[in-house]
Amino acid sequence: MCKNSQDIICSNAGTCHCGRCKCDNSDGNGLVYGKFCECDDRECIDDETEEICGGHGKCYCGNCYCQAGWHGDKCEFQCDITPWESKRRCTSPDGRVCSNRGICVCGECSCHDVDPTGDWGDIHGDTCECDERDCKAVYDRYSDDFCSGHGQCNCGRCDCKVGWYGKKCEHPRSCPLSAEESIKKCQGSSALPCSGRGKCECGECTCYPPGGGRVYGKTCECDDRRCEDLDGVVCGGHGTCSCGRCICGRGWFGKLCQHPRKCNLTEEQSRSLCESADGVLCSGKGSCHCGKCICSAEEWYISGEFCDCDDRDCDKHDGLICTGNGICSCGNCECWDGWNGNACEIWLGTEYP
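## Thoughts on the confidence of the model for the chain
For the chain, per-residue confidence averages 82 on the pLDDT scale, and residues scoring 70 or more make up 92% of the total. Counting contacts from residues 115-119, a segment whose pLDDT is below 50, to residues more than four positions away or on other chains yields 7 contacts.

Dropping the structure here:
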């Protein structure tokens, strides 16, 4: 009656008397307890401060549960960001902390289900938003049978190969065109099928995100998201968007109609606003107009407030910067709604083509 699940009497932390364990607490602090003396809160004592969980958490059965802003086995480390900022970084697009599949530690999610055989477990992503198990007909973590063998698992959603459809690519689709003919028809004048912004099925493109209406055209060649700035304002509020290009109203110019033709600043005032920290005008890679830098058009990849950023540093997928699903902002991809990943290659929307 005193043996624990491993057949050890009182977990080697007490003595058995008449079928009951009496735990060893010679110092009288009562830190060893449990039916089988299985809990030893001495494991929670910080070696340096000699306090339970460093004074920044509570101990339960030998494990520390830290207060907000602290982490570590014994709550010995303090986060360098506020608890509010930590929670914000860990919040997934659907508003749940670590997608309810992990714990948030100093702004980083530690996903619950980690596969010891690889770097990524079945659940992964910056906010644990991806669950690869959803791509398998019958879940077996050691099986590679994703998407019925007819597609690629992309953050828990199956991207089916040509000729297959279904949530897990389990249904064959008949098509009179060969795979080569289908892809050629979807390419048009673009180097990629559906301009890299859609899915090709039997020679026809389904643009994504579905239902958004901002990506359209026979080969998804029009992307009106390109007319938006990081705040979602179309053509700076000074023009209209036509097939991904801004048509500026009178008195405005620029890729996003962000520059006024008239300027109320003196030349000296304008130049002072265009100088970077090292005193160079627009980092030597652009011209100054009314206190704003206009980066050289010959070097398409130069951007930033002072033309100090190189968009070639942004991640690519399928040969496209930010996969065409976001804006490159000073070397980092700022993804449009519904997209995630370093290169905005992961679709997190409720619908999927």
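## Focus on unusual backbone geometry
The backbone phi angle of Ser99 is positive, close to 55°, even though this residue is not glycine. Note on placement: Ser99 falls in the loop between helix H1 (83-90) and strand E9 (102-105). Residue class for Ser99 comes out buried when judged on its relative accessible area of 3%. Of note in this structure, Cys322 is not a glycine but carries a positive phi near 55°. Structurally, the position occupied by Cys322 is in the loop between strand E30 (320-321) and strand E31 (326-329).

## Overview of the pairing of strand E1 (residues 14-17)
In the sheet, E1 pairs with strand E2 (residues 20-23) via 4 bridges, with the strands oriented antiparallel. When the bridges of E2 are listed, Cys16 appears paired with Cys21. Where E1 hands over to E2, the hairpin turn is made up of 2 residues, of which Cys18 adopts a positive phi near 55°.

## Section: the state of the cysteines
Disulfide: a covalent bond connecting the sulfur atoms of a pair of cysteines. Evaluated as defined, the whole model comprises 30 disulfides. Note on cysteine connectivity: Cys39 is disulfide-linked to Cys61, with sulfurs 1.9 Å apart. Measuring the twist about the S-S bond at about -80°, one finds the Cys39-Cys61 disulfide to be left-handed. A residue pair is termed long-range when its members are at least 10 positions apart, and Cys39 in strand E4 (residues 39-40) and Cys61 in the loop between strand E5 (57-60) and strand E6 (63-66) qualify at 22 residues. By relative accessible area, which is 25% here, Cys61 ends up partly exposed. The side chain of Cys53 participates in a disulfide bridge whose partner is Cys64; the two sulfur atoms lie 2.2 Å from each other.

## Description of H1
Of all the positions in H1, only Glu85, Ser86 and Cys90 are classed as buried. Looking straight down H1, one finds its buried side chains confined to an arc of 130°; they lie on one side. Away from its buried face, by an angle of more than 90 degrees, H1 presents the exposed residues Trp84 and Lys87. Those residues of H1 that are buried lie in contact with E9 and strand E10 (108-111).

## Quick notes on the pattern of salt bridges
Applying the stated criterion across every chain yields a total of 9 salt bridges. In this structure, Asp47 and Lys74 form a salt bridge, with 3.9 Å as the shortest nitrogen-oxygen distance. With Asp47 in the loop between E4 and E5 and Lys74 in the loop between strand E7 (70-71) and strand E8 (77-78), the pair connects residues that are 27 residues apart, well separated along the chain. For Asp47, a relative accessible area of 68% gives the class exposed. The residue Arg89 makes a salt bridge to Glu85 at a minimum N-O spacing of 2.9 Å.

Basis of the calculations
Per chain, residue numbering runs from 1 following the sequence as it is written. Only residues with pLDDT of 70 or above have their local features reported here, since the model is predicted, and side-chain atom pairs are shown and tallied only from 80 upward, although totals for entire chains, interfaces and linings are computed over all residues. Based on all heavy atoms of the structure, the side-chain values leave hydrogens and waters out of the count. Looking at any residue, its pLDDT shows the predictor's confidence there, from 0 to 100. Only heavy atoms enter the contact rule, under which two residues are in contact if any of them lie within 4.5 Å. Per the convention used, a helix needs a DSSP run of H or I reaching at least four residues, while a strand needs a run of E reaching at least two, with both numbered from the N terminus. Buried residues are those whose accessible area, probed at 1.4 Å on protein chains only, stays under 20% of the maximum for their type, while exposed residues exceed 50% and partly exposed ones sit between those limits. Here a strand pair is declared whenever DSSP counts at least two bridges between the two strands. Two cysteine sulfurs form what is called a disulfide whenever their separation falls within 2.5 Å. Working definition: the arc comes from the directions between the helix axis and the C-beta atoms, pointing outward to the latter. When a carboxyl oxygen of Asp or Glu lies within 4 Å of a side-chain nitrogen of Lys or Arg, that pair is called a salt bridge.

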